[in-house]
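Residue-level listing of the chains:
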Amino acid sequence: MEFNLAEEVRRQLEEALRKRGRVNIVIAGRSGVGKSTLINAVFQGNLAETGQGRPVTQNAREYTKDGIPVALLDTRGLEMERYRETVEQLEREVQSRSQDPDARNHLHIAWVCVSEDSRRVEPGESAMAAMLARHMPVVAIITKARTDGGFRDEVQRLLPMARNVVRVRALREQDDEGHVLEPRGLVELIDLTMQLVPEGQRDALAAAQKVSVAQKKTRARLIVAGAATTAALTGASPIPFSDALVLVPIQIGMLASISATFGLSPSQLFLTTLISAASGGFMATVSGQSIVSGLLKFVPGAGTLAGALISGTTAASITTIFGEAYVSVLTRLFERDRERAPSEQEIAEAFREELTRPRSTH
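Because the structure is a prediction, the values reported are computed rather than measured.

Draft legend 1. How the structure looks around the overall build of the protein. When helices and strands are tallied, the protein shows 15 helices and 11 strands. Out of the 362 residues in the protein, the part that is buried amounts to 51%. By sequence separation, contacts in the protein at least 24 residues apart represent 70% of the contacts at least 6 residues apart. For the protein, the exposed area adds up to about 16000 Å²; of that, 49% sits on carbon and sulfur atoms.

Structure follows, in structure tokens:
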């Protein structure tokens, strides 16, 4: 059985990015409500400033950016004299997309923004929320939150179709007396959105947002659990180590999918580097029981262990250790600096160090 490591890495990487897909969010609100500030505070890449805008209606543009798995459909024209036209045009766009057989092209959730400064919900905001709620979950967002004074309850009463109302402050503020108001509500907004978007879009949302490392970790651990289950089934009948080739794609696919869910766009060289990193660390701690050893025999110098057997239990446990180590490294690096994704070199070095830590395989 001929095996090409480079080709397998390429294939698994493409599959991981395909499965991650994209989440599509409608963000509606009047001019000056703070939509761009909110977008840049929540998502990677200063999307509102550097993304590419494509007109979809007269008063709406869709913003995307390479490598960030989110599309934001930004509506304008909710001022008094224009909102009916805006709502009607957008509903036609929503209906058109809902007929696409590929659910990745649907609009998955709507954020309707109301400024706390205004202390009122305008007719255009109500009409937009009511229309969108007929087609997707709607979250009402009170922007520029400083002093509630009962306004959240009022928004909830006037927009009963909203699944919830979240007060957010996207930026750190300081008033004339020197009192500092820290950002608020952003993690709560992402947690709620994660509950409301379809399951198929949750990895994309976790990857695109930058405010909740916990959501990235949660989605990545589901990937580890799925890979461990697959490995267990593969090794249910103990297989000779020389035949462990069937387990190799599981390991590569898990690494690629975890990377994608953390918002990385890993290269083939990077994934191969992670595999090589294991040869200097993980092999030393789990020796002949390791599934990763099977993968490493395709890395020059890693060596083989002829005659060993891999059981389903061992396959699952080693896959879990390997995957959790990678999730732990990425979690630590992303929590250290949420504004900048770690470099491939930083990740590879941290992963190698993590795998050298003593651990039990039982």
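Draft legend 2. How the structure looks around the packing of aromatic side chains. Applying the stated criterion to the full structure yields 4 aromatic pairs. A ring pair is formed by Tyr326 and Phe351, whose centres lie 5.2 Å apart and whose planes are at 65°; its orientation type is edge-to-face. On the criterion of sequence distance, the pair formed by Tyr326 in helix α14 (residues 312-336) and Phe351 in helix α15 (residues 344-355) is long-range, its members being 25 residues apart. Phe351 shares its class with Tyr326; the two are buried. A network of ring pairs unites the aromatic residues Phe322, Tyr326 and Phe351 as a single cluster.

Draft legend 3. Summary view of the confidence of the model for the protein. Averaged over all residues, the pLDDT of the protein equals 84, while 84% of them reach at least 70. Long-range and interchain partners of residues 280-308, a stretch whose pLDDT sits below 50, account for 74 contacts in this model, where long-range means more than four residues apart.

Draft legend 4. Quick peek at the sheet that holds strand β6 (residues 138-143). Read across the sheet, 7 strands follow the order β2-β3-β4-β1-β5-β6-β7 without closing on themselves; strand pairing throughout is mixed. The open sheet has two free edges, formed respectively by β2 (52-57) and β7 (164-167), since each of these has just one partner strand. Within the sheet, the average angular offset between the axes of one strand and its neighbour, ignoring direction, is 25°. Bridge count between β6 and β7: 4 bridges; the pairing is parallel. Bridge pairing in β7 links Ile141 to Val166. Contacting β5 (109-115), β6 and β7, helix α6 (residues 151-158) runs over the sheet at an angle of about 150° to β7.

Draft legend 5. Fine view of the nonpolar core. Of all hydrophobic cores here, the largest spans 38 residues; its most connected members are Ile258, Leu274, Tyr326 and Phe351. Breaking this core down by element, the ones donating at least two residues are α1 (5-20), α9 (213-234), α10 (248-261), α11 (268-280), α14 and α15. If you tally residues by element for this core, the top one is α14, at 9 residues. Once residues lying within four places of it in the same chain are set aside, the contact partners of Tyr326 are Leu255, Ile258, Ser259, Leu264, Phe270, Leu274, Ile347 and Phe351. Membership of the second largest hydrophobic core comes to 33 residues, among which are Ile25, Val33, Leu192 and Leu196.

Draft legend 6. Region of interest: the pairing of β6. For β6, the tally of buried residues reaches 6 of 6 residues, placing the bulk of the element in the interior. Both faces of β6 are covered, namely the face carrying Val138, Ala140 and Ile142 and the face carrying Val139, Ile141 and Thr143. Examined bridge by bridge, β5 and β6 share 6 bridges and lie parallel to one another. In the strand pairing of β6, Ser115 is matched with Thr143. The parallel pair β6 and β7 is bridged by α6, and the resulting crossover is right-handed.

Draft legend 7. Main features of the pairing of β5. With 7 of 7 residues buried, β5 is to be regarded as a mostly interior element. Burial of the side chains of β5 extends over both faces: Ile109, Trp111, Cys113 and Ser115 are buried on one face and Ala110, Val112 and Val114 on the other. Sheet topology places strand β1 (residues 23-28) next to β5; 4 bridges connect them, and they run parallel. Residue pairing in the sheet places Ala28 in a bridge with Val112 of β5. Read as a crossover between parallel neighbours, the route from β5 over helix α5 (residues 123-133) to β6 is right-handed.

Draft legend 8. A look at the packing of α10 against α14. Between α10 and α14, the least distance of the axes is 11 Å, while the angle of their chain directions is 20°. Here α10 lies roughly parallel to α14, going by the angle between them. Note that α10 runs across α14; the crossing there is right-handed. Residue-level inspection shows Gln251, Met254, Leu255, Ile258 and Ser259 of α10 in contact with α14, the latter providing Thr319, Phe322, Gly323, Tyr326, Val327 and Leu330. Considering only residue class, the contact of α10 with α14 consists of 7 nonpolar, 4 polar and no charged.

Cut-offs and rules
- Residues numbered from 1 in each chain as written.
- Predicted model: local features only at pLDDT ≥ 70, side-chain atom pairs only at ≥ 80, totals over all residues.
- Heavy atoms only, no water.
- Helix = DSSP H or I, 4+ residues; strand = E, 2+ residues; numbered from the N terminus.
- Buried < 20%, exposed > 50% of the residue type's maximum accessible area, 1.4 Å probe, protein only.
- Contact = heavy atoms within 4.5 Å.
- Areas by Shrake-Rupley, 256 points an atom, 1.4 Å probe, with all protein chains shown as cover.
- Phe/Tyr/Trp six-rings, centres within 6.5 Å; stacked < 30°, edge-to-face > 60°.
- pLDDT = per-residue confidence, 0-100.
- Pairing = 2+ DSSP bridges.
- Axes fitted to C-alpha atoms, helices over the stretch in contact; angles between N-to-C directions.
- Core = buried A, V, L, I, M, F, W, Y, C linked by side-chain atoms within 4.5 Å.
- Right-handed = clockwise from strand over helix to strand, strands pointing away.
- Parallel < 35°, antiparallel > 145°, perpendicular 65-115°, else oblique.
- Left-handed = near helix turned anticlockwise from the far one by under 90°.
- Nonpolar A, V, L, I, M, F, W, Y, C, P; charged D, E, K, R; others polar.

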